[in-house]
Amino acid sequence: MNWRPYLLVLLTLGSAMTVRAAPTNDFFATGIELSRAGEFPEAAAAFEKSAGIRPAAGTLVNLGIAEWLRGHAGAAILAWERARWINPFDPRARADLKFARRAAQVDEAELKWFEIQSTWLPPDAWLWLAGASLWLAVGMMTLPQFFRRRKTGWQQVLAAAGLGIFLACLPANLGVISRTNLGFVLKNDAPLLQTPTRTGEVISTLTAGEPARRVRTRGDYYLVRTENESGWVERNAFGLVSE
Amino acid sequence: MRIWRTIFFVLALAPAVTRAQMAVRIPPNVAAQLMVPQPAVDNSQPENISATAEFDPPCVRPGGKAFYRVTITATENSIAWPDKIPAPPELRFGARAHGQLMQPDGTPFHPVSGFVCEITATNAGHFVVSNLVIWVGGRSLEIPAASLDAASQAAASPARKLSLEVSDTNLFIGQPFRVRVILPATSGKRLETLREVQFNGDPVLTDRMATRRSVEAVNHDGQLTPAFIYETVATPLVAGTLNISAQGFTAGGEFGGPMVISVPVTIPSGPPKNVLLVSDAVSLNVRPLPTEAELPGYTGAIGKFFSDPPRLATNRIHLGEPVSLNTTFHGKGDLTRFVPPALPASRDWQIIADDPPDNGFTLIPITDEVQETPAIPFSYFDPATAKYVDLSIPPLPVTVVGERLPEQLPPADDEAGNTEPLKLTGLAATPGKAVATLTPLQLRGWFVGGQLVPVLGFLVLWQWDRRRRFLEAHPEIGRRRQAIRALRREKIKMKIAIESGSSTAFVIHAAEAMRIAVAPMYPANPVALVGGDVLTQLDQAARNGRAGETVKKIFAAADEQFSIGPKTQADLLALAADVETVLQQLEEKL
């Protein structure tokens, strides 16, 4: 039995369900017009609405540009990071992030090896790949028995390859989960507090666009860990990439 | 040369004769006098102090009321007025009032104090309040005697007094109400004004800023009479039944300020006769404000108010740029005590209230992330419905423009050979690749649930394979099931044959059904079986009984279908019940 056409169809469907080209909506077109007119606050609001309806890499790149030009470095960096989250191969998001980090004097987030691996493909693709490869391996090992066919060499090769791909995808999926806690400071001089209260003692202030990892959530505050210190920051002053 | 010497000399002496201009320092007492004019009061000659005493009116009917009025040319606080005045027991003392007036008949002013006591003569007669010695400023002063005649045939001339009118007698604490003190003109339409009007009794707050004086025609004793009207706004301060009365000194033709005169009157000339008049008390029923259902932003406003839609000077402002938010409140009645909305606390806006009487605000955005002005809560209490009414200023959409960040950076030194400046990319023309949500599949439950589908598929396959292997090991199970299904079909055909009255079809299907029912027991193909094979599968008793006979008849009739000789015309349909019994017995063995 020839399994290859079915496997191709499965992978194509999985990929199509994960990432697809978004149609241009009214908010996106409005945002472009407002950006060209120099009305960046309104343009940012339009792009934000468009991204709220359907997050798309191009929309988020434009949102980042509008936020940057209205003076919101943190929101711009977060938008571009989200664009890269959807499409890691987006050259605009990559270039704009490089530019913004140099202009705002903030560093890139330090990623662990499995998180770096997870940036090679879109997050959902890793899970589809892991699921497809696992069931491919299981299928190649069991289906010939069910259908009383002799296991052929190519079936065994496919089973081994599926198992190998599945095992290789595991760290990347772990990296995706780990990166869901990665976020960026939205407001300049956002206070890092000792306690999750409005009157909490200020440990230090964070720069807009500075990366941090969410450790815990309590009420309107995130407990975050930056490169050097930990503390509580208000939720509206910190944005998670995957939220 | 002499000129230069003179100039040098003058310049050298200049520091000694000139000095920097200093701020004028005003002594505190002088400053107080500048702020509030304080006329000097003549109290330097205590021996010139005089006193008068009279009854108004001097003649009353028994049971009628009169006022015992004493006027002393001294300051009120220098007079030690006795608590009890010696008088005949037939005179019953009622409400008392006292006041002070400064007569501006020269410089310094001359003080006049008045003491009034309401007196009721219980019996007819001539009553005298004898002369009385009191202490004024440490010296004794004799109050002259005064007499009152009470006679049943006395003319009914009422005592001269003030009228007190209020706009409402059912009130809430803090609810302003208008109060009018009326002094009707005397005979000949001679009108006198009032000075030093004040209210006695339970505590009410009067607003001198809202005072209005006028001359109007009022209904006095059934006829329109010109009257001096002192009108102001008062506010009850405590709950309960409040009794208030008014008092004031007649001031002749002294106006002392603007006054509206709408009826013809005669203004008396000459020095005024300052007489302290009082009014009857008026009762007010004052209720406390309900504490439940009080709305946010209540500043104490009581009445009926409206507001125009708020107006923002512009809805596009730069960070830190002030913008004015104007709103106008209208109200029925007095607005002098109207307290505008309190400033709300906002982390995103600096809010400054405009100076009264304006009710607007100046708003300064602190952050450029705000998209609307802060809501300013405000409510008032409507005494007509006894409910609080929301009149909050709603948030208005606004765009705050922040400072732009650079769009281009010079090339970095560490980038060897790269002389291209770093700059922002252009706008993306299309949305590009999109996802349903940024939350990855790894954190969504449905994907994990979706993995159960292939698991279930494999389980079904495994179970199917197991069953298949079991049936292969036990083929009789399959044959029996096959026989049961075939038997069911033949029974249906047999039933149709019975219903259609076809004896031939009935016999064929009955025989076929019996062969099918016994086939798995050999096992054999049903086509290869005969009646004897069916009889073999019956019990001994059944075989020799009616069942055996039925089988024989059916198979004999079935075999006769293929005979070329004459066919028996027996009614085989009558065997339907017996055939059913036989089939039931055979089916039980399957």
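Residues numbered from 1 in each chain as written. Chains lettered and ligands numbered in written order. Predicted model: local features only at pLDDT ≥ 70, side-chain atom pairs only at ≥ 80, totals over all residues.

A. Here's a closer look at the overall build of chain B. Tallying secondary structure elements over chain B gives ten helices and 34 strands in all. Looking at the 590 residues of chain B, the share that counts as buried comes to 27%. A separation of at least 24 residues holds for 70% of the contacts in chain B among residues at least 6 apart in sequence. (Helix = DSSP H or I, 4+ residues; strand = E, 2+ residues; numbered from the N terminus. Buried ≥ 20, exposed ≤ 12 C-beta atoms within 10 Å, placed from the backbone. Contact = placed C-beta atoms within 7 Å.)

B. Fine view of the overall build of chain A. Counting its regular elements, chain A contains nine helices and eight strands. Among the 243 residues that make up chain A, the fraction classed as buried is 44%. The long-range share in chain A, meaning contacts at least 24 apart out of those at least 6 apart in sequence, stands at 58%.

C. Broad picture of the nonpolar core. Within the largest apolar cluster, 59 residues are counted, with the highest numbers of intra-cluster contacts made by Leu148 and Leu194 of chain B. Apart from residues no more than four positions distant in its own chain, Leu148 of chain B is found in contact with Phe55, Pro58, Val60, Ala66, Leu91, Ala121 and Phe127 of chain B. (Core = buried A, V, L, I, M, F, W, Y, C linked by C-beta atoms within 7 Å.)

D. Molecular detail of helix H9 (residues 546-560) of chain B. Residues and elements named next belong to chain B. An ideal rise of 1.5 Å per residue puts 21 Å on 15 residues; H9 measures up with 21 Å between its terminal C-alpha atoms. Along H9, the residues that are buried comprise Ala547, Thr550, Val551, Ile554, Phe555, Ala557 and Ala558. Down the axis of H9, the sector holding all buried residues measures 160 degrees, keeping them to one side. Against helix H6 (503-518), helix H7 (531-536), helix H8 (540-544) and helix H10 (576-588) lie the buried residues of H9. (Expected span 1.5 Å × (residues − 1). Arc of directions from axis to C-beta.)

E. Inspection of the interface of chain A and chain B at higher detail. Facing the 48 residues of chain A at the interface are 36 residues of chain B. Every element with two or more residues in the side of chain A that touches chain B is listed here: strand E1 (20-21), helix H2 (26-36), helix H3 (40-53), helix H4 (57-69), helix H5 (73-86), helix H6 (91-104), helix H8 (123-146) and helix H9 (153-179) of chain A.

F. Summary view of the sheet that holds strand E23 (residues 311-312) of chain B. Residue and element names in this part refer to chain B. Spatial ordering of the open sheet is given by E23-E25-E28-E27, a layout of four strands whose pairing is antiparallel. Edge positions in the open sheet fall to E23 and strand E27 (349-353), since each of these has one partner strand only. Across three bridges, strand E25 (residues 323-326) lies against strand E28 (residues 361-365) in antiparallel orientation. Along E28, the bridge assignment pairs Leu325 with Phe361. (Pairing = 2+ DSSP bridges.)

G. Focus on unusual backbone geometry. A cis amide bond links Asp56 of chain B with the next residue in sequence, Pro57 of chain B, at an omega value of -5 degrees. Mapped onto the elements of the fold, Pro57 of chain B is located in the loop between strand E1 (51-56) and strand E2 (59-60). Located in the positive-phi region is Gln105 of chain A, a residue other than glycine, with phi close to 60 degrees. One can find Gln105 of chain A in the loop between H6 and helix H7 (113-118). Not every positive phi belongs to a glycine, and Glu196 of chain B is a case in point at roughly 50 degrees. Within the fold, Glu196 of chain B resides in strand E14 (residues 194-201).

H. How the structure looks around the confidence of the model for chain B. When the pLDDT values of chain B are averaged, the result is 84; 87% of them are 70 or greater. Confidence metrics for the complex model read pTM 0.58 and ipTM 0.87. (pLDDT = per-residue confidence, 0-100.)

I. Quick peek at the pairing of strand E30 (residues 387-390) of chain B. All names here are of chain B. As paired strands, strand E29 (residues 379-382) and E30 are joined by four bridges and run antiparallel to one another. The partner of Phe381 across the bridge, within E30, is Tyr388. In sequence, E29 turns back onto E30 through a hairpin of four residues, with Ala386 there showing a positive phi of about 55 degrees.

J. The arrangement of the packing of H4 of chain A against H6 of chain A in detail. All names here are of chain A. Taken N-terminus to C-terminus, the directions of H4 and H6 make an angle of 25 degrees; their axes are 10 Å apart at the nearest point. In this view, H4 runs roughly parallel relative to H6, as classed from their interaxial angle. For the pair H4 and H6, the crossing hand works out as left-handed. Together, Ala57, Val61, Gly64, Ile65 and Trp68 of H4 and Arg92, Ala93, Asp96 and Ala100 of H6 make up the contact between the two elements. Partitioning the contact of H4 with H6 into residue classes produces six nonpolar, one polar and two charged. (Axes fitted to C-alpha atoms, helices over the stretch in contact; angles between N-to-C directions. Parallel < 35°, antiparallel > 145°, perpendicular 65-115°, else oblique. Left-handed = near helix turned anticlockwise from the far one by under 90°. Nonpolar A, V, L, I, M, F, W, Y, C, P; charged D, E, K, R; others polar.)

K. Up close: the sheet that holds strand E10 (residues 146-150) of chain B. Residues and elements named next belong to chain B. Spatial ordering of the open sheet is given by E2-E10-E7, a layout of three strands whose pairing is mixed. Two strands in the sheet have a free side with no partner beyond their single neighbour: E2 and strand E7 (125-129). Across five bridges, the pairing between E7 and E10 is antiparallel. Its bridge partner lying in E10, Gly125 is registered against Ala150.

L. Seen up close, H6 of chain A. A rise of 1.5 Å per residue sets the reference length of H6 of chain A, with its 14 residues, at 20 Å; its end C-alpha atoms lie 20 Å apart and thus fit the reference within 8%. Residues Arg92, Ala93, Asp96, Leu97, Phe99, Ala100 and Ala103 of chain A constitute the buried set of H6 of chain A. On its buried face, H6 of chain A sits against H4 and H5 of chain A together with strand E32 (408-409) and strand E33 (422-423) of chain B. One or two residues past the end of H6 of chain A sits Gln105 of chain A, with phi positive at roughly 60 degrees.

M. Layout of the environment of Ala172 of chain A. All names here are of chain A. Relative to the helices and strands, Ala172 is located in helix H9. C-alpha of Ala172 to C-alpha of Leu121: the two residues are 51 residues apart in sequence and 9.1 Å apart in space. Not counting residues within four places of it along the chain, the set of residues in contact with Ala172 comprises Phe114, Gln117, Ser118 and Trp126.

N. Layout of the pairing of E28 of chain B. All names here are of chain B. Here E28 shows a buried face lined by Phe361, Leu363 and Pro365 and an unburied face lined by Thr362 and Ile364. Across five bridges, the pairing between E27 and E28 is antiparallel. Across the sheet, the residue bridging to Ala353 is Phe361, located in E28.

O. Here's a closer look at the packing of H2 of chain A against H3 of chain A. All names here are of chain A. Running from N to C, H2 and H3 cross one another at 160 degrees; their axes reach a closest spacing of 8 Å. Between H2 and H3, the angle falls in the class roughly antiparallel. Between H2 and H3 the crossing geometry is left-handed. Facing H2, whose interface residues are Phe27, Phe28, Thr30, Gly31, Leu34 and Ser35, H3 presents Phe40, Glu42, Ala43, Ala46, Phe47, Lys49 and Ser50.

P. Geometry of the environment of Ala497 of chain B. Summarising the element assignment, Ala497 of chain B is placed in helix H5 (residues 475-500). Sequence separation of Ala497 of chain B and His509 of chain B is twelve residues, and the distance between their C-alpha atoms is 8.4 Å.

Q. Looking closely at the environment of Val133 of chain B. By secondary structure assignment, the location of Val133 of chain B is in strand E8 (residues 132-136). Those residues in contact with Val133 of chain B that sit more than four places away from it in its chain are Ser140 and Glu142 of chain B.

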